[in-house]
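# Observations on chain architecture
Spelled out, the chains give:
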Amino acid sequence: MRYSDLIEKTKNLPLGKLVIGEFATGRVIINNVGVRHFYMSQRPEYRLIIESGGKTYTPRHSDFLSDYILKCECRPDLRLALSEACDALCNGAAPSELKETKKLPVYFSDVSEASWSYQTSSFQTGGISTELFLHGLQSLIRVYDLNDPELKAPEAFRKAFLDAQGGKPVAEAAQRLRPQIKGGKRYFDRLERA
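Below: a short report on this structure. (Residues numbered from 1 in each chain as written. Predicted model: local features only at pLDDT ≥ 70, side-chain atom pairs only at ≥ 80, totals over all residues. Heavy atoms only, no water.)

## A short note on the overall build of the chain
Helix and strand counts for the chain stand at 9 helices and 4 strands. The order of helices and strands in the chain, counted from the N terminus, is α-β-β-β-β-α-α-α-α-α-α-α-α. Residues classed as buried in the chain amount to 40% of the 194 residues present. (Helix = DSSP H or I, 4+ residues; strand = E, 2+ residues; numbered from the N terminus. Buried < 20%, exposed > 50% of the residue type's maximum accessible area, 1.4 Å probe, protein only.)

Set out below in structure tokens:
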């Protein structure tokens, strides 16, 4: 689904989990956890959950940037196609269409004699599956949009991916996606978050 359709689907999320998509390799879920603490904003807080291979993940923006870099290291020949897919996704394209048009594989690396020595299974497969990566990234952008509408999440994610493509370390590329403290202060007020 396109980002505009995802906005409509998640406009009024009730408390609890909403399944955004179920795929052969796992599920993408947005969880409305409600108001976490009375000192914080009265707006509900949202989180992304990815279920894959019997495990549950709650990835952050840096996890998706790291997974992008891992996929590029596993398959350098697909780096341009994946970069274009991430850019188009941040501009509102549909993840399932991007996977087909860019001819991205289900996994970016296969477990074989050449890769058996890698110590982590995520490196052997090149991170999470392509479907979960693309749909999860789109849902994470929506989660950031719901949690902090002033951030303008699609553009912030696009800039973060452009920085990661340019060779910046993940920590620097993801800097603009972290909560920013206003000048002259080292803490958040309840009124600031309202």
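## Overview of the pattern of salt bridges
With the rule as written, the count across this model stands at 12 salt bridges. We note a salt bridge from Arg 2 to Glu 97, for which the minimum N-O separation is 3.4 Å. Placement of the pair is Arg 2 in the segment before α1 (3-9) and Glu 97 in helix α4 (residues 95-101), with a sequence separation of 95 residues. Its relative accessible area of 38% is what places Arg 2 among the partly exposed residues. Its relative accessible area of 40% is what places Glu 97 among the partly exposed residues. For Arg 158, the salt bridge identified is with Glu 155, shortest N-O distance 3.5 Å. Of the two residues, Arg 158 and Glu 155 are both situated in helix α7 (residues 153-165); the distance of 3 residues between them amounts to about one turn of the helix. A single salt-bridge network, built from bridges that share partners, covers Glu 22, Arg 27 and Glu 51. (Salt bridge = Lys/Arg side-chain N within 4 Å of Asp/Glu carboxyl O.)

## Observations regarding the sheet that holds strand β3 (residues 45-52)
In space, the 4 strands of this open sheet follow the order β1-β2-β3-β4, with antiparallel pairing throughout. Only two strands of the sheet have a single neighbouring strand rather than two, namely β1 (16-23) and β4 (55-57). Ignoring which end each strand starts from, the neighbouring axes of this sheet average 25° apart. Helix-sheet contacts for helix α6 (residues 130-147) involve β1, β2 (26-34) and β3, and the interaxial angle to β3 is about 170°. (Pairing = 2+ DSSP bridges. Axes fitted to C-alpha atoms, helices over the stretch in contact; angles between N-to-C directions. Contact = heavy atoms within 4.5 Å.)

## Regarding the nonpolar core
If you look at the biggest cluster of nonpolar residues, it comprises 45 residues, and the most contacted ones within it are Leu 65, Leu 82, Phe 133, Leu 137, Phe 157 and Phe 161. Broken down by secondary-structure element, the contributors of at least two residues to this core are α1, β2, β3, α2 (61-74), α3 (79-90), α6, α7 and α8 (170-173). Broken down by element, the residue count for this core peaks at 9 residues, all from α6. The residues contacting Phe 157, other than those within four sequence positions of it, are His 61, Cys 90, Leu 137, Leu 140, Ile 141, Tyr 144 and Leu 177. (Core = buried A, V, L, I, M, F, W, Y, C linked by side-chain atoms within 4.5 Å.)

## Re the packing of α6 against α7
In the contact formed by α6 and α7, the axes pass within 8 Å of each other and the chain directions differ by 130°. By the angle between their directions, the pair α6 and α7 is classed as oblique. Counted together, Phe 133, Leu 137, Leu 140, Ile 141, Tyr 144 and Asp 145 of α6 and Ala 153, Pro 154, Phe 157 and Phe 161 of α7 form the full contact between these two elements. Here the contact of α6 with α7 is built from residues that sort into 9 nonpolar, no polar and 1 charged. (Parallel < 35°, antiparallel > 145°, perpendicular 65-115°, else oblique. Nonpolar A, V, L, I, M, F, W, Y, C, P; charged D, E, K, R; others polar.)

## Regarding the pairing of β1
Two faces make up the sheet, and in a regular strand the side chains alternate between them. Pairing analysis gives 7 bridges linking β1 to β2, with the strands arranged antiparallel. Across the sheet, residue Gly 21 finds its bridge partner in β2, namely Val 28. As consecutive antiparallel partners, β1 and β2 are separated by 2 residues.

## Digging into the pairing of β2
Within β2, 7 of the 9 residues are buried, which leaves the element mostly enclosed by the surrounding structure. Bridging between β2 and β3 involves 7 bridges; their strand directions are antiparallel. Across the sheet, residue Asn 32 finds its bridge partner in β3, namely Tyr 46.

## Quick look at α6
The end-to-end C-alpha distance of α6 is 25 Å, a good match for the 26 Å that 18 residues give at a rise of 1.5 Å each. By the criterion of burial, α6 is predominantly enclosed, with 16 of the 18 residues buried. (Expected span 1.5 Å × (residues − 1).)

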